[in-house]
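Here's the letter readout for the chains.
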Amino acid sequence: MLKLPEDNIELVSFTEKTMDLKKMRELELMEHNYLRSLHGAEPLVLNEELNEMAQNYAKKLAKQRNMQHSKERNLKGKEGEWVGENLYCSNSSKAAEYVCGSMSKSWYSEIKDYDFKTGKSKGGVTGHFTQVVWKDSKEVGFGVAFNGGFCISVGNYHPGGNFNNAYLQKVGNLIPSTAKSSKQLFDCSSAKKNALSQLNAIRKAHQVGELQLDETLCNYAMEHAESMGKTGTCQVFKINGQWKNWTNWQIMHLVRGSKYKGGEAIRKWYKRLEEYDFDKKCAKNSSDIFYINMGVALILEDFTKVGFGYYINDDNEIDIVAIFDGLVYNSGHHVYPATI
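Presented here is a report on the structure given in the accompanying data block. Per-chain numbering applies: the sequence of each chain, read as written, is numbered from 1 onward. Reporting in this predicted model follows two pLDDT cut-offs: at least 70 for local features of residues, and 80 or more for side-chain atom pairs to be given and counted; totals over whole chains, interfaces and linings ignore these cut-offs and use all residues. Excluding hydrogens and water, the side-chain values take into account all heavy atoms of the structure.

Considerations on the overall build of the protein chain
Helix numbering and strand numbering both begin at the N terminus, where a helix is a DSSP run of H or I of at least 4 residues and a strand a DSSP run of E of at least 2. Helix and strand counts for the protein chain stand at ten helices and 14 strands. The classification of residues rests on relative accessible area computed with a 1.4 Å probe and restricted to protein chains. Under 20% of the type maximum is buried, over 50% is exposed, and intermediate values are partly exposed. Buried positions account for 49% of the 340 residues belonging to the protein chain. The contact criterion used throughout is that any non-hydrogen atoms of two residues lie within 4.5 Å. Intrachain contacts of the protein chain at a sequence separation of at least 6 include 74% that bridge at least 24 residues. In the form shown here, the protein chain has an accessible surface area of approximately 16900 Å², with 49% of it arising from carbon and sulfur atoms. Charge separation in the protein chain, taken as the distance between the mean sites of 43 positive and 41 negative side-chain charges, equals 2 Å. Here the accessible surface of atoms and residues is derived via Shrake-Rupley with a 1.4 Å probe, and residues count as covered only by protein chains that are part of the display. Neither His nor the chain ends is counted toward charge; the positive residues are Lys and Arg and the negative residues Asp and Glu. Think of each charge as sitting on NZ of Lys, CZ of Arg, CG of Asp or CD of Glu.

Printed below as a string of structure tokens:
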């Protein structure tokens, strides 16, 4: 297979095997500091001791499949200086995936229950939100750990926040932001161009002809991406109830204010081919045929046209769709292994 470069590091999700703590921390810091700027709080900086503290505790909680606050939170040589702590977990029946920015967004979402006039909660939990934007906190550390479908995230802050009677002074009101969202930064024309360029580089390596960008297919793809994004569903594209065009889709999360360049979905679909047997012309694992065929679609000799569509919601989730001029079948694929 052809080895492809990463499109950018602003759009990253990790599994236990692919976790890159350095990248995760950089991206969570970006998200935190963007959110703090909305409340007039100075940006945080990463602290290695806090990183280590957060990671060690995340591992402990993952092993226990538990979420409870640590009782020991002081920096070395600074006894009595409280370290704040935020926790976030997700649980699924499949192997866990951590999406960068998810812990920050989850904690900040508590803003809906915070009363800025009284400095108190309206009824829900708000302590995670107030710690994220606490003005006196200067340093932060992050940790993420996995246990099967269980994923736990930890944020440690110094100096810690959430002191009684200090909320009105330390949690700033929401102020107008001049920062642009990912939706505002998105360049659809450039994304299509970059995606097509990467796709055709892959096809050249696999000895098949280039695809042409088709306006009709692009319109279909844009409509389908918007439909999936608004309904929260993933489904094939059909015309009058019939499946005539192969559909690839990918849902990813952008760090707030980052720009999607267009090639990341191609990389993810292409990686599916690691589970394809070129000699037998079929998937190695028959239970995952549809998703492996998303990789096959990129290099199928029969296809000549493609259209790309994108939809970004207000929470920086992007739905990406590629629609081809035909269907992929489970056997007899006209595909060839990469020559480089």
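Considerations on the packing of helix α9 (residues 264-271) against helix α10 (residues 289-299)
Any two packed helices are characterised by how steeply their axes cross, that is the angle between the axes, and by the distance between the axes. The N-to-C vectors of α9 and α10 enclose an angle of 110°; their axes lie 7 Å apart at closest approach. Taken together, the axes of α9 and α10 lie roughly perpendicular to each other. As for how α9 packs across α10, the hand of that crossing is left-handed. Between α9 and α10, the residues in contact are Ile-266, Trp-269 and Tyr-270 and Met-294, Gly-295 and Leu-298, respectively. Considering only residue class, the contact of α9 with α10 consists of five nonpolar, one polar and no charged. To obtain each axis, a line is fitted to C-alpha atoms, and for helices this fit is confined to the stretch in contact; angles are then taken between N-to-C directions over 0 to 180 degrees. These descriptions rest on fixed angle ranges, namely under 35 degrees for roughly parallel, over 145 for roughly antiparallel, 65 to 115 for roughly perpendicular, and the rest for oblique. Left-handed describes a crossing whose near helix is turned anticlockwise from the far helix by less than a right angle; the clockwise case is right-handed. Put simply, Ala, Val, Leu, Ile, Met, Phe, Trp, Tyr, Cys and Pro go in the nonpolar bin, Asp, Glu, Lys and Arg in the charged bin, and everything else, Gly too, in the polar bin.

Remarks on the nonpolar core
As a rule of thumb, soluble globular proteins bury nonpolar side chains together. The nonpolar core is taken to be a set of buried Ala, Val, Leu, Ile, Met, Phe, Trp, Tyr and Cys residues, with the residues joined through side-chain atoms within 4.5 Å. If you look at the biggest cluster of nonpolar residues, it comprises 48 residues, and the most contacted ones within it are Tyr-260, Leu-298, Phe-308, Tyr-310 and Phe-324. Where this core is concerned, the elements lending two or more residues are α7 (188-205), α8 (215-231), β10 (247-253), α9, α10, β13 (305-312) and β14 (317-324). Those residues in contact with Phe-308 that sit more than four places away from it in its chain are Lys-192, Ala-195, Leu-196, Leu-199, Leu-213, Cys-218, Ala-221, Met-222, Ile-266, Val-321 and Ala-322. Core analysis: the next-biggest nonpolar cluster, separate from the first, contains 31 residues, Tyr-34, Cys-100, Tyr-114 and Tyr-167 among them.

Points about the sheet that holds strand β2 (residues 45-46)
In this scheme, strands are said to pair when DSSP sees at least two bridges between them. Strand order across the open sheet formed by four strands is β2-β7-β8-β3, with mixed pairing between neighbours. In this open sheet, the two edge strands, each paired with only one partner strand, are β2 and β3 (84-91). The sheet contact formed by β2 and strand β7 (residues 139-147) spans two bridges and is parallel. Counted as the bridge partner of Leu-46 is Val-140 from β7. Strands β2, β7 and β8 (150-158) of the sheet are contacted by helix α1 (residues 21-37), whose axis makes an angle of about 130° with β7.

Here's the deal with α7
Expected helix span is taken as 1.5 Å per residue step, with the number of steps being one fewer than the number of residues. When the terminal C-alpha atoms of α7 are compared, their 26 Å separation across 18 residues agrees well with the 26 Å that a helix rising 1.5 Å per residue should span. Regarding α7, the residues found buried are Ala-191, Lys-192, Ala-195, Leu-196, Gln-198, Leu-199, Asn-200, Ile-202, Arg-203 and Ala-205. The positive-phi residue at the C-terminal boundary of α7 is Gln-207, with phi of around 65°.

Remarks on the pattern of salt bridges
The salt bridge criterion pairs a side-chain nitrogen of Lys or Arg with a carboxyl oxygen of Asp or Glu, the two atoms within 4 Å. Counted by the stated rule, this structure contains six salt bridges. A salt bridge links Lys-112 to Asp-113; its shortest N-O distance comes to 3.8 Å. According to the relative accessible area criterion, Lys-112 is exposed, its value standing at 57%. We classify Asp-113 as partly exposed; its relative accessible area is 22%.

Some points on the pairing of β7
The element β7 is largely enclosed, with a buried count of seven among its nine residues. Here β7 runs beside β8; their pairing, made up of nine bridges, is antiparallel. Residue pairing in the sheet places Phe-142 in a bridge with Gly-155 of β8. Between β7 and β8, which follow one another and run antiparallel, lie two residues, and Gly-148 among them has a positive phi close to 65°.

Focus: the sheet that holds β14
With mixed pairing, four strands are arranged side by side in an open sheet as β9-β13-β14-β10. Each of the sheet's edge strands pairs with one partner strand only, and the pair in question is β9 (212-213) and β10. This element, α8, spans β9, β10, β13 and β14 of the sheet and lies at about 30° to β13. This element, α9, spans β10, β13 and β14 of the sheet and lies at about 120° to β10.

Let's talk about the state of the cysteines
Any pair of cysteine sulfurs within 2.5 Å is marked as a disulfide. Counted under the stated rule, the structure contains zero disulfides. With no disulfide of its own, Cys-151 has Cys-89 as its nearest cysteine by sulfur position, at a separation of 8.6 Å. Relative accessible area serves as the criterion here: at 1%, Cys-151 is assigned to the buried category.

Overview of α1
Relative to the 24 Å expected for 17 residues at 1.5 Å per residue, α1 spans 24 Å between its end C-alpha atoms, a close match to the ideal helical length. For α1, a buried count of twelve out of 17 residues is recorded, marking the element as mostly surrounded by other parts of the structure. Burial in α1 covers these residues: Lys-23, Met-24, Arg-25, Leu-27, Glu-28, Leu-29, Glu-31, His-32, Asn-33, Tyr-34, Leu-35 and Arg-36. Think of a polar contact as two N or O atoms within 3.5 Å of one another; within protein, one of them needs to be a possible hydrogen donor and the other a possible acceptor, and neighboring residues in sequence only count if both atoms come from side chains. The N-cap of α1, judged by a side-chain oxygen 3.1 Å from the amide nitrogen of Lys-22 a few residues on, is Asp-20.

What about the packing of aromatic side chains?
Under the pairing criterion, centres of Phe, Tyr and Trp rings, with the six-membered ring standing for Trp, must be within 6.5 Å; the plane angle then separates stacked pairs below 30 degrees from edge-to-face pairs above 60, leaving the rest tilted. As enumerated under the stated definition, the model contains 15 aromatic pairs in all. Relative to Phe-290, the ring of Trp-243 has its centre 6.3 Å away and its plane inclined at 40°; by these criteria the two rings are tilted. Of this pair, Trp-243 sits in the loop between α8 and β10 while Phe-290 sits in helix α10, and the two are 47 residues apart along the sequence. Judged by relative accessible area, Trp-243 falls into the partly exposed class, the value being 30%. Look at Phe-303 and Phe-324: their rings are 5.1 Å apart centre to centre, the planes differ by 20°, and that puts the pair in the stacked class. Placement of Phe-303 in the loop between α10 and β13 and of Phe-324 in strand β14 is noted, with a sequence separation of 21 residues between them.

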